[in-house]
Amino acid sequence: MDTINSLNISAAGAELFLAVAVMVLLMLGAFRGNRAVVPISWLSVLSLVFAAFLVMTGPSGTTLAFGDLFITDDFARFAKVLSLLAAATAIVMSMDYIQRERMARFEFPILMLLASLGMLAMISANDLISLYLGMELMSLSLYVTAAFKRDSQRATEAGLKYFVLGVLSSGLLLYGCSLIYGFTGSTNFTAIAEVLEKGVQNELGLLIGLVFLISGLAFKVSAVPFHMWTPDVYEGVPTPVTAFFAVAPKVAAIALFFRTMLSPFGEVAGDWQQIIIFISIGSMLLGAFAAIGQRNIKRLMAYSSIGHMGYALIGLAAGTAEGVQGVLVYMTIYAVMNIGAFACILSMRRKDGMVEGVADLAGLAKSQPKTAFAFAAFLFSLAGIPPLAGFFGKLYIFLAAVNSGLYALAVIGVVTSVVGAFYYLNIIKVMYFDEPSGQFESMTRVMGLITTVAGVLTVFYFVYPGQLVAGAGTAAAALFP
């Protein structure tokens, strides 16, 4: 009994529940087969929502568990709830698609559940070992999900690219972890922080390990120069999988990035800050300029995602509670905007199939004016045009950079936002002003509901932003005790 109490199982209630839910649903699928796809999908959604409820009602304050490998605090709770709700929405968005495209196999939602379990483990990692275990659980599930459409050459190729490059990034991360362990004598975040407070003998060796660790983490958020998988994978995988990749794993990976850099390595922030600034600038520039020539909407959204991760890393470069708060608000808004945008993309269908080319969107405003209006609102918000939510998300981050003295980084962020607005506005121009090239099908009720909720949150965020900002502030304070 004492051993069980020392594990502090209550801190990981959501993770344990999801693990049990995965096993139960897997057994249900094994006995019922693909006839159980719809009930398993809805049960997966309910499991994710209930897990979010468990996170919100769990032990308050900061709690360590499993021999200090696992930590639950306000920062983890905020990121977990956001990741779980984003994953649940992605499963709902995928239901109609997998039936229509003959991908209706019960393993699909279960893989998303497993990936979500890995995300929760990542967010609460307090040790380099638990960090790796959580990341690999998420990654292995995503590799299979990417190649799930087995009869599609594009999807299979995208899954293989993602797997090969993912294995490479895992190798870089593990090598960095081994160097950090070698020069600090520990893998635990708290112990590493204590060692760095006293100083290490070989600071160069530790810095090299830190570079490899950052490389592995940068791959997971698709930041430059480890972004190369993102456009091909986003374009090749089924659109609901793209929507999932673009939101939930990005939120979890950014949360892990922040915890890993600020908790154990806060004492050497001056050493890694320059690396983060370089990655941030590179991501913003590539996201702004490389997307201009894209003609595939999913590939364009991939470069958009790279750019947005660059903006998020500005908050990490600032290294302050204000920066973390700004990023948490930004990632929440980013998740809502992308869910809405991909709901619109999933609804852009003609009789002969889905539309993925930017030029193919011509006439959408005449055929489906509600879909076009919603998509335009999300694109304006992604561009950061006031008074939409995306503008405020970027504003918080740029203010944090200015208050930390990173004036050049803030200026580059503003300039790349202006450049990036070009390709968002180009899509709107095609929808509203180009000659129609065919009739589009109507949006389903579920997609309409998701789009409406995301649209209201995006357009009317400025009416009541206080609760989100306050919650993000409380979560950010947990990383700066």
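Residues numbered from 1 in each chain as written. Predicted model: local features only at pLDDT ≥ 70, side-chain atom pairs only at ≥ 80, totals over all residues. Heavy atoms only, no water.

(A) Main features of the environment of F75. Structurally, F75 can be placed in helix α4 (residues 74–100). Residue classification places F75 among the buried residues on the basis of a relative accessible area of 1%. Between the C-alpha atom of F75 and that of F226, which follows or precedes it by 151 residues, the distance is 26 Å. Setting aside its immediate chain neighbours within four residues, F75 contacts A255, F258, R259, V324, L328, A475, A478 and L479. (Helix = DSSP H or I, 4+ residues; strand = E, 2+ residues; numbered from the N terminus. Buried < 20%, exposed > 50% of the residue type's maximum accessible area, 1.4 Å probe, protein only. Contact = heavy atoms within 4.5 Å.)

(B) Spatial organisation of empty space enclosed by the protein. Tallied over the full model, the rule gives six cavities of 30 Å³ or more. Here the largest cavity defines a volume of roughly 80 Å³. In terms of lining residues, the largest cavity is bounded by 16 residues, among which Y311, T416, G420, Y423 and Y424 are the most central. Contributing elements (two or more residues each) for the lining of the largest cavity: α12 (269–289), α13 (297–318), α16 (369–383) and α18 (407–433). By residue class, the composition of the lining of the largest cavity is eight nonpolar, seven polar and one charged. (1 Å grid on protein atoms, 1.4 Å probe; cavity = no way out; pocket = protein on both sides within 12 Å on 5 of 7 lines; lining within 4 Å. Points joined across faces, edges and corners; volume = space filled by probe spheres on them. Nonpolar A, V, L, I, M, F, W, Y, C, P; charged D, E, K, R; others polar.)

(C) A look at helix α2 (residues 13–32). Here α2 spans 28 Å end to end across 20 residues, near enough to the 28 Å set by a 1.5 Å rise per residue. Those residues of α2 that fall on the buried side of the exposure criterion are A14, E15, L18, A21, V22, L25 and G29. End-on, the buried residues of α2 take up no more than an arc of 120°, which puts them together on one face. Opposite the packed face of α2, turned more than 90 degrees from it, sit the exposed residues M23, V24, A30 and F31. In the core, the buried residues of α2 are packed alongside α3 (37–57), β2 (70–72), α4 and α5 (107–123). Of the residues one or two after α2, G33 is the one with positive phi, at around 75°. (Expected span 1.5 Å × (residues − 1). Arc of directions from axis to C-beta.)

(D) Highlighting the layout of surface pockets. What the largest pocket holds in volume is close to 910 Å³. Every residue lining the largest pocket is counted, 31 residues in all, and those nearest its centre are L82, L85, T332, V336 and L457. Counting residues per element, the lining of the largest pocket draws most heavily on α4, at eight residues. Across the lining of the largest pocket, the residue classes break down as 27 nonpolar, four polar and no charged. Here the second largest pocket is characterised by a volume of approximately 330 Å³. Considering the residues around the second largest pocket, the lining is formed by 16 residues, among which K370, T371, A374, T451 and T452 are closest to the centre. For the lining of the second largest pocket, the secondary structure elements donating two or more residues are α16 and α19 (445–459). The element that contributes the greatest number of residues to the lining of the second largest pocket is α19, accounting for six residues. Residues that form the lining of the second largest pocket fall into these classes: seven nonpolar, eight polar and one charged.

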